[in-house]
Amino acid sequence: MTEAATTPKREASRKDHLPFEAKHVDDFEWETIRWPGETGKMLFHPRAERPTEPNAGILRLAPGGHHPEHYHGFAQVWYLLSGEFKIDGKMYGPGTMIFHPDPHFEGEFHTETGGDILIVQYPGPTTAERPIYDDRFNMKARRAVEEERIDR
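Residues numbered from 1 in each chain as written. Predicted model: local features only at pLDDT ≥ 70, side-chain atom pairs only at ≥ 80, totals over all residues. Heavy atoms only, no water.

To continue, consider the overall build of the protein chain. Within the protein chain, the regular secondary structure consists of zero helices and twelve strands. Over its C-alpha trace the protein chain gives a radius of gyration of 16 Å, about what one expects of a compact globule, namely 15 Å for 152 residues. Along the first, second and third principal axes, the C-alpha set of the protein chain runs to 50 × 40 × 30 Å. For the protein chain, the proportion of its 152 residues judged to be buried stands at 35%. (Helix = DSSP H or I, 4+ residues; strand = E, 2+ residues; numbered from the N terminus. Rg over C-alpha atoms; globule rule 2.2 N^0.38 Å. Buried < 20%, exposed > 50% of the residue type's maximum accessible area, 1.4 Å probe, protein only.)

This is the structure we're talking about:
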C-alpha cells in the first residue's frame, strides 16, 4: 500500500518554519526524460508556486542509455542505486555518490547494464541557476540528442 503526499499533522513550536513532506515512488508514473533510454519519477520538482523546490526522484536507465557531455548552472547529487555507469571513461556502480557543484558539466555517460539513480538537483548556491523540470523530465516525446541543448 502506498500513501499520498503527507505532511505532519502537529503544529510546530516555531510558526516561521514549514513541515516536511513525504511522497512514495509508487504513487508516480514513469515519465520520458530527454536522453535516450532514460525515464524518471520526479517526486519533487520546481514549479511557478514553488520555484526553489529541487528536482528530486529516481532516474531509470535502460541498457544502452546514454547522454553526451553537457553543462548546468545548478548543483546536483546522484546516488547510484543499481547498475553500472561509465562516466568520462570510468565505471561506477551501486553505492557511489556523485556531487556536481555549480556550475558543472556532466561528462559523456553510458550504461550497458541499465540501472537506477537517485538524483537531487537544486538551485546553485553561487550561480542561483535553478534546475529545469518542464520539457526535460516530463517530455511528451523525446527529441533527437542533436536537437537537445547541452549548454544548460
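So, next bit.
Once that is clear, we can look at the environment of arginine 143. Considering the arrangement of structural elements, one finds arginine 143 in the segment after β12 (115-122). The class for arginine 143 is partly exposed, based on a relative accessible area of 30%. Separated by twelve residues in the primary sequence, arginine 143 and proline 131 place their C-alpha atoms 19 Å from one another. Ignoring any residue separated from it by four or fewer positions in sequence, one finds arginine 143 in contact with Arg34, Asp135 and Glu148. Within the structure, arginine 143 has its side chain in polar contact with the side chain of glutamate 148 (distance 3.1 Å). (Contact = heavy atoms within 4.5 Å. Polar contact = N/O pair within 3.5 Å; in protein donor to acceptor, adjacent residues only side chain to side chain.)

Next up on the list: the nonpolar core. Leu59, Trp78, Phe85, Phe109, Ile117, Ile119 and Phe137 are the most contacted members of the largest nonpolar core, which has 14 residues in total. The residues contacting phenylalanine 137, other than those within four sequence positions of it, are Glu31, Thr32, Ile33, Met42, Asn55, Leu59, Ile119, Gln121 and Ile132. (Core = buried A, V, L, I, M, F, W, Y, C linked by side-chain atoms within 4.5 Å.)

Considering all chains together, one arrives at four aromatic pairs under this definition. For the ring pair tryptophan 78 and phenylalanine 109, a centre distance of 5.9 Å and an interplane angle of 85 degrees mean the geometry is edge-to-face. A residue pair is termed long-range when its members are at least 10 positions apart, and tryptophan 78 in strand β6 (residues 75-80) and phenylalanine 109 in strand β11 (residues 109-110) qualify at 31 residues. A residue is classified by how much of its surface remains accessible, and phenylalanine 109, at 2% relative accessible area, is buried. When the ring of tyrosine 133 is compared with that of phenylalanine 137, the centres are 6.3 Å apart and the planes differ by 5 degrees; the resulting orientation is stacked. You can call tyrosine 133 buried: its relative accessible area is 8%. Taking the relative accessible area as the measure of exposure, phenylalanine 137 reaches 6% and is therefore buried. Each member of the aromatic cluster is reached from another via a ring pair, and the members are Trp78, Phe85 and Phe109. (Phe/Tyr/Trp six-rings, centres within 6.5 Å; stacked < 30°, edge-to-face > 60°.)

The next thing to look at is the environment of histidine 67. The topology assignment puts histidine 67 in strand β4 (residues 66-67). By relative accessible area, which is 4% here, histidine 67 ends up buried. In contact with histidine 67, not counting residues within four places along its chain, are Trp35, Trp78, Glu106, Gly107, Glu108 and Phe109. Of the polar contacts made by the side chain of histidine 67, one reaches the side chain of glutamate 106; its length is 3.2 Å.

Counting across every chain of the model gives eleven salt bridges. In this structure, arginine 50 engages glutamate 53 in a salt bridge whose closest nitrogen and oxygen atoms are separated by 3.1 Å. Of the residues examined, arginine 50 reaches a relative accessible area of 32% and is grouped as partly exposed. Look at glutamate 53 and you get buried, because its relative accessible area is 6%. The closest approach of N and O atoms between glutamate 148 and arginine 143, which form a salt bridge, is 3.1 Å. For glutamate 148, a relative accessible area of 8% translates into the label buried. Connected through salt bridges with shared partners, the residues Glu21, Arg47, Glu49, Arg50 and Glu53 form a single ionic network. (Salt bridge = Lys/Arg side-chain N within 4 Å of Asp/Glu carboxyl O.)

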